[in-house]
Amino acid sequence: MISLSLNQLLKATAPLPTALLSMALEKKTFSWQVWGSMAVVIGGSALAAAGEVTAGRLDEFILGFLLCLGSVLAAAGWGVLSAMLLQGGGPDDRLDAVTLVFYSSPYSVLVLLVIFFIKGEFSALVTELESDSSESMNGVTILLIILGGGLLGFSYDLIHNQFVRMTSSMTMAVMGNSKLVLLIVLSMVWLDPPAHVDWLTAVNILGVVIGIAGCIWYSWSRYAAALTRCYPSTSHAHARARTACLSSPICTALRRRLAEQQKPAPLLSAKPDALTKGRSAGEATQLLEGSEGSTTCCVVS
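This one's a predicted model, so the numbers in the text were calculated from it and none came from an experiment.

Definitions and limits used
Here the residue numbers are simple positions, counted from 1 along each chain's written sequence. Owing to the predicted nature of the model, reporting of local features is limited to residues with pLDDT of at least 70; listing and counting of side-chain atom pairs is limited to 80 or more, with chain, interface and lining totals taken over all residues. Side-chain metrics in this entry use all non-hydrogen atoms of the structure; hydrogen atoms and water are not considered. The angle between two axes is taken between their N-to-C directions and runs from 0 to 180 degrees, where each axis is a line fitted to C-alpha atoms and a helix contributes only its stretch in contact. We count a stretch as a helix when DSSP gives it H or I for four or more residues in a row; a strand needs E for two or more, and each element gets its number in order from the N terminus. The cut-offs work like this: below 35 degrees is roughly parallel, past 145 is roughly antiparallel, 65 to 115 is roughly perpendicular, and the gaps in between are oblique. In this description, contact between two residues means that some pair of their heavy atoms is separated by no more than 4.5 Å. Residues are grouped as follows: Ala, Val, Leu, Ile, Met, Phe, Trp, Tyr, Cys and Pro are nonpolar; Asp, Glu, Lys and Arg are charged; all remaining types, including Gly, are polar. Burial here depends on accessible area, computed with a 1.4 Å probe over protein chains only, as a share of the maximum for the residue type. Under 20% is buried, over 50% is exposed, and the range in between is partly exposed. Cavities and pockets were defined on a 1 Å grid built over protein atoms only: a cavity is a set of grid points that admits a 1.4 Å probe from which the probe cannot escape, a pocket is an open set flanked by protein on both sides within 12 Å along at least five of seven lines, and lining residues are those with an atom within 4 Å of any such point. Grid points are joined across faces, edges and corners, and a volume is the space filled by probe spheres set on the points. By convention in these notes, a salt bridge is any Lys or Arg side-chain nitrogen within 4 Å of a carboxyl oxygen on Asp or Glu. Whether two aromatic rings pair depends on their centres lying within 6.5 Å, for rings of Phe, Tyr and Trp, where Trp uses its six-membered ring; planes under 30 degrees apart make the pair stacked, over 60 edge-to-face, and the rest tilted.

A.B. asks: Describe the packing of helix α2 (residues 15–25) against helix α3 (residues 32–48), with residues and values.
C.D. replies: Look at α2 against α3: their axes get within 10 Å of each other, and the N-to-C directions meet at 150°. What the angle tells us is that α2 and α3 run roughly antiparallel. Residue-level contacts link P15, L16, A19, L20 and M23 of α2 to W35, M38 and I42 of α3. Here the contact of α2 with α3 is built from residues that sort into 8 nonpolar, no polar and no charged.

A.B. asks: Can you lay out the environment of F154 for me, pointing to particular residues and giving the numbers?
C.D. replies: Residue placement: F154 occurs in helix α7 (residues 139–166). By relative accessible area, F154 is classed as partly exposed at 40%. For the pair F154 and V98, spaced 56 residues apart in the sequence, the C-alpha separation amounts to 9.6 Å.

A.B. asks: Any details on the layout of surface pockets? Residues and values, ideally.
C.D. replies: If you add up the space inside the largest pocket, you get close to 840 Å³. For the largest pocket, the lining is made up of 26 residues, of which S71, A75, A76, Y156 and H160 are closest to its centre. When contributions to the lining of the largest pocket are tallied by element, the ones reaching two or more residues are α1 (4–11), α4 (58–87), α5 (97–118), α7 and α8 (169–191). Per element, the largest residue contribution to the lining of the largest pocket is 8 residues, and it comes from α8. A per-class count over the lining of the largest pocket returns 12 nonpolar, 11 polar and 3 charged.

A.B. asks: Could you give me a rundown of the pattern of salt bridges, with the residues and numbers involved?
C.D. replies: Considering all chains together, one arrives at 1 salt bridge under this definition. Of the charged contacts, one joins K28 and E26 as a salt bridge, the two residues approaching to 3.9 Å between their closest N and O atoms. Here K28 falls in the partly exposed class, since its relative accessible area comes to 21%.

A.B. asks: Can you explain the packing of aromatic side chains? Please cite residues and give values.
C.D. replies: Under the counting rule described, the total for this entry stands at 6 aromatic pairs. Aromatic pair W32 and W217: ring centres 6.3 Å apart, planes at 70°, arrangement edge-to-face. A residue pair is termed long-range when its members are at least 10 positions apart, and W32 in helix α3 and W217 in helix α9 (residues 199–230) qualify at 185 residues. Looking at W32, the relative accessible area reads 62%, which means it is exposed. On the accessibility criterion, W217 (31% relative accessible area) is partly exposed. Judged by centre distance (5.3 Å) and plane angle (80°), the rings of F116 and F117 are edge-to-face. Following the ring pairs from residue to residue traces out a cluster consisting of F116, F117 and F122.

By themselves, these observations are geometric and do not establish any function.
Following this line, the structure appears as structure tokens:
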């Protein structure tokens with residue numbers, strides 16, 4: 001219907017509908033650094049996936065284009081909805097990665113079964129099993145392939161959900177483009193290394209470099225935004241020092257103890273080394289309880 005290159009070009013635009021749906025459903029706002037880095041990532045991924053765009057019949061081309069565009073929008077919608085289920089509500093209302101896979105898998109199986117019978121895949125499977133040709137696969141091989149693919153799909157869904165739970169749907173969309181860039185690099189190096197560098201290969205290489213730069217820019221902008229949100233009145237260097245102190249073993253134990261007492265973890269008003277150096281856990285607890293102003297720990301989203 002459409003060429004693989006055009007398919008990849010459309011998939012490279014996934015961060016854009018993800019960002020729009022996040023603004024509409026999650027009520028999120030993004031800084032100009034996020035929009036700029038997203039544009040760089042999309043542009044780099046599109047250049048990296050550029051190739052010969054071939055088209056057959058017009059009706060088949062339109063159908064293939066609409067199907068690919070629909071899959072991009074569906075993937076963006078699923079990313080945002082899964083983020084709402086994994087991050088929204090109170091601690092008791094949020095789903096974990098395994099529970100989300102448990103609830104979403106039956107619907108995926110039903111949809112795939114309908115497509116399996118409509119597209120005639122069942123008849124093709126029966127023909128393959130009944131064939132006596134030496135090139136046909138036996139039932140055990142087909143079963144192993146199905147089980148192996150199912151295991152890989154389950155692992156991908158589990159990792160995907162946990163990644164969204166720890167970051168955000170927008171970050172997952174951008175990292176999905178970095179996966180596309182990585183696949184293109186691996187295919188160029190191992191599967192189909194170019195005999196010579198023509199203009200199209202040069203465009204692909206330029207796109208890989210731009211895409212990686214966009215991912216780095218996006219990651220840094222989210223990290224800087226998290227530091228500014230946690231410590232608005234301090235410099236980035238001092239904020240990083242406080243973050244390192246808060247991740248130390250003694251502060252981790254104190255935050256856990258305060259969480260059990262249903263108290264918010266306070267913001268350290270003193271310098272990090274002044275809190276932990278030469279003090280026992282009891283003295284540090286008294287300092288924490290007596291410090292002015294409190295805030296909870298931030299999560300980079």
